[in-house]
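# Survey of secondary and tertiary structure
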Amino acid sequence: PARQQPEHAPRPGPRPRRPRSLAALVLVVVLLVAGVGLAGLVLTGRTLALPVWAVAEIETRLNRTIAASHLPPGAVLSLGGVSVAIDRDLTPRLLLRDLRLVQSSGASILSLPEVRVTMDGAALMRGQMRPATLRLTGARISVARDAEGRLSLAFGGLSGAPALRSPAEILDALDRMFSTPALAGLRRIEGDALSLSLSDARAGRTWEVGDGRLVIENGAQGLAAELGLTLLTGAAPAQARLMLETSKADSSARLEATVDRVAAGDLAAQAAPLAALGLLDAPISGALSGGLLSDGTVGPMSGHLSIAAGTLRAGGMATPVAFDAADLALSYDPRGQRVTLSGLSVESPVLKVSARGTVDLLDGSGAPARPGALPAALVAQFAVSEAMADFEGVFETPVRFTGGAAGLRIRLDPFRVEIGEIRLSDGEDYMALSGEVGVARAGGWQAALDVALNRIDAQRLITIWPVSVVPNTRRWLAENLDEGTFTDVTASFRGAQGRVPRFALDYDFRGAEVRVIRTLPPVKKGYGRAAIQDNSYTVVIEGGHVTPPQGGDIDVSGTVFRVPDIRINPAPAEVELHTDATLTATLSLLDQEPFRFLSKAGQTTDLGEGRVR
């Protein structure tokens, strides 16, 4: 039996604690050091380079979560170095240097100098490496387009990836990539110092674009991206800004583009509705908006473009045609392959036109062009609200019209404009123009034009008659035709750059006052017909009279004035004068210069009475 303790004996004290193990002590010290190091990184913002084994582990995880589903077979990602930093909110950031995609042969097919990654802290707590934000520096994107207009996209020289042939396929692939578990938490991508290379087989050109900045926002419904670029080709700097919104539910997307002083040819090669702008050598500024429909087909497009001073260059040896400015507001219907111009204006010292209308895009056979393909021809219908031509050295005074319409067919290569009819009006007067203007493949301008006017005053005809076309005849009309109205005027012009043009003219006249021979009284109230044909000018006076100093009027119906060869300067003329008048009137006419028959014979004009034909 236990020995009983005294009633007031002291109780035993607590058992003394045993010292902790050395391992536990080391763990505490490590945790304290890690905490202090972590606090130091947070407070100072400094980065810590990871050891080689850590870099290798990150490579392994990246290849496991991303490469298996998004990179070509046999290709792996490699990292030159990784540094880590901790933000004040304890979010880790990684700096990846020399990120490369390496083929199985060891060749590098992708190189990114620097990638900054902010990791998803919640995913890290679950042992998952998922990026939250991404910043790229110095990335290069290559885009190739074949002769049919199909696209192939490569990122940083990436080869061997599945070909993405349409914008819809590319955007759908991006939506799928950002919907994968590995990238679903990636909220934002930023890129700077980006460069873009576009090799276009159908345009036969390669564009280099640099100094790019990219921002992509990954939302629940789709992607929102903005890309700013500087075009490196061309004499003047050009800027472009693209904004894109995609839908993850279907293939629809919305695109807006703003351009500043982009060369007309560069813009024309990228969008089929703007193909005709490839004829211009001028900078363009403005904005365009469009996109893809839910089924991935090209949707409607609209925009407004301002074209600065430049030239129309039709190719070959054709002399460029200069202009000061042009402006157009347009919309594009891809299903009907029609561009609607709600506003079109062209201004230059020699030409001013304001119009609106439609342009249909056609292929080489005359059928509607395939959506997205560059057209071979255009059919245009315009309503003209104002037209003014003031070609220096061509017209004596500006030619103005206050309305009209035009129907044209334009072939782009070689350039040729087939004019169904251009009908311009000024009040009740109108002018109709048809024919064609174009460029020979190895030559200059060629033109075959026919003009018809319902009526025109004699003096206005002189002002719109080109001074370089049969100038002798024009000069004769200007000096000897004082008034009158021309009706049923038809003219034709055939010419080629560097060659003597051929010109034909036919018109009726009435109420004319014309001086057949300069020293004789003019024909008044004359009517008849005139024509220029085969370099010969003929005027037939079907009715009219002259009034000599004595004897009254002389009927000169049937008189013919003819210049056998208008090319000769001075050109001899033939006058077949038919008269019906009193003897006194006839003798008075014959006593005028250059005849002076009566004065030379010492006789007066009233020496007798009678009628003379």
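One can find the structure itself at the top, above this paragraph.
### Topic: the sheet that holds strand β14 (residues 280-281)
Spatially, three strands are ordered β14-β17-β18 in an open sheet, and the strand pairing comes out antiparallel. Among the strands making up the open sheet, the edge pair consists of β14 and β18 (321-323).

### Describing empty space enclosed by the protein
Applying the stated criterion across every chain, the model contains two cavities of 30 Å³ or more. In this structure, the largest cavity encloses a volume near 100 Å³. Around the largest cavity sit Val-516, Ile-517, Leu-520, Pro-521, Val-523, Val-546, Val-556, Thr-559, Val-575, Leu-577 and Leu-589, which together line it. Across the lining of the largest cavity, the residue classes tally to 10 nonpolar, one polar and no charged. Roughly 70 Å³ of internal volume is contained in the second largest cavity. At the level of secondary structure, the elements contributing two or more residues to the lining of the second largest cavity comprise α7 (471-480), β28 (481-496), β29 (502-514) and β31 (536-546). Considering every element that reaches the lining of the second largest cavity, the biggest residue donor is β29, with four residues. Here the residues of the lining of the second largest cavity are counted per class, giving 11 nonpolar, no polar and no charged.

### Examining the pattern of salt bridges
For the structure shown, the criterion picks out 20 salt bridges. Notably, a salt bridge pairs Arg-188 with Glu-217, separated by 2.0 Å at the nearest N-O pair. Note that Arg-188 is positioned in strand β9 (residues 188-200) and Glu-217 in strand β10 (residues 205-218), a separation of 29 residues in sequence. You can call Arg-188 partly exposed: its relative accessible area is 26%. Across the pair Arg-494 and Asp-450 runs a salt bridge, and its minimum N-O distance is 3.3 Å. Here Arg-494, found in strand β28, pairs with Asp-450, found in strand β27 (residues 445-457); they are 44 residues apart in sequence, far enough to count as distant. Each member of the salt-bridge network shares a partner with another, and the members are Arg-135, Arg-188, Glu-190, Asp-192, Arg-213 and Glu-217.

### Some remarks on the nonpolar core
Formed by 124 residues in total, the largest nonpolar core has its most connected members in Leu-305, Ile-307, Phe-486, Tyr-507 and Tyr-537. In terms of residue count, the dominant contributor to this core is β29 (six residues). For Tyr-537, the contacting residues outside a window of four places in its chain are Thr-473, Trp-476, Leu-477, Tyr-507, Ala-530, Ala-531, Ile-532, Phe-561, Arg-562, Val-563 and Ile-566.

### Things to note about the environment of Leu-214
The topology assignment puts Leu-214 in strand β10. Along the primary structure Leu-214 and Ala-225 are separated by 11 residues, whereas in three dimensions their C-alpha atoms are 7.2 Å apart. With residues near it in sequence (within four places) discarded, Leu-214 still touches Ile-189, Glu-190, Gly-191, Leu-194, Glu-226 and Leu-227.

### Thoughts on the packing of aromatic side chains
With the rule as written, the count across this model stands at four aromatic pairs. Both rings, one in Phe-486 and one in Tyr-507, keep their centres 4.3 Å apart while their planes meet at 20°; by these two values the pair is stacked. Of the two residues, Phe-486 sits in strand β28 while Tyr-507 sits in strand β29, which places them 21 residues apart along the sequence. Across the pair, Tyr-507 and Phe-486 agree in class, each one buried. Aromatic side chains Phe-595 and Phe-597 sit 5.5 Å apart centroid to centroid with 20° between the ring planes, which places their arrangement in the stacked category. Exposure remark for Phe-595: the relative accessible area of 22% places this residue in the partly exposed category. Site record: aromatic cluster; members linked through ring pairs are Phe-486, Tyr-507 and Phe-509. The ring of Tyr-430 has Arg-423 lying over it, and the distance from NZ or CZ to the ring centre is 3.8 Å.

### Here's the deal with the pairing of strand β3 (residues 81-86)
Counting buried positions along β3 yields six of six residues, so the element is predominantly enclosed. Where strand β1 (residues 48-49) meets β3, two bridges bridge the pair, whose relative direction is antiparallel. The residue of β3 that forms the bridge with Ala-49 is Ser-83. Taken together, the six bridges between β3 and strand β4 (residues 92-102) define a ladder with antiparallel strand orientation. Along β4, the bridge assignment pairs Ile-86 with Pro-92.

Rules behind the numbers
Residues numbered from 1 in each chain as written. Predicted model: local features only at pLDDT ≥ 70, side-chain atom pairs only at ≥ 80, totals over all residues. Heavy atoms only, no water. Pairing = 2+ DSSP bridges. Helix = DSSP H or I, 4+ residues; strand = E, 2+ residues; numbered from the N terminus. 1 Å grid on protein atoms, 1.4 Å probe; cavity = no way out; pocket = protein on both sides within 12 Å on 5 of 7 lines; lining within 4 Å. Points joined across faces, edges and corners; volume = space filled by probe spheres on them. Nonpolar A, V, L, I, M, F, W, Y, C, P; charged D, E, K, R; others polar. Salt bridge = Lys/Arg side-chain N within 4 Å of Asp/Glu carboxyl O. Buried < 20%, exposed > 50% of the residue type's maximum accessible area, 1.4 Å probe, protein only. Core = buried A, V, L, I, M, F, W, Y, C linked by side-chain atoms within 4.5 Å. Contact = heavy atoms within 4.5 Å. Phe/Tyr/Trp six-rings, centres within 6.5 Å; stacked < 30°, edge-to-face > 60°. Lys NZ or Arg CZ within 6 Å of the ring centre and 35° of its normal.

Just distances and angles here, no functional claims.
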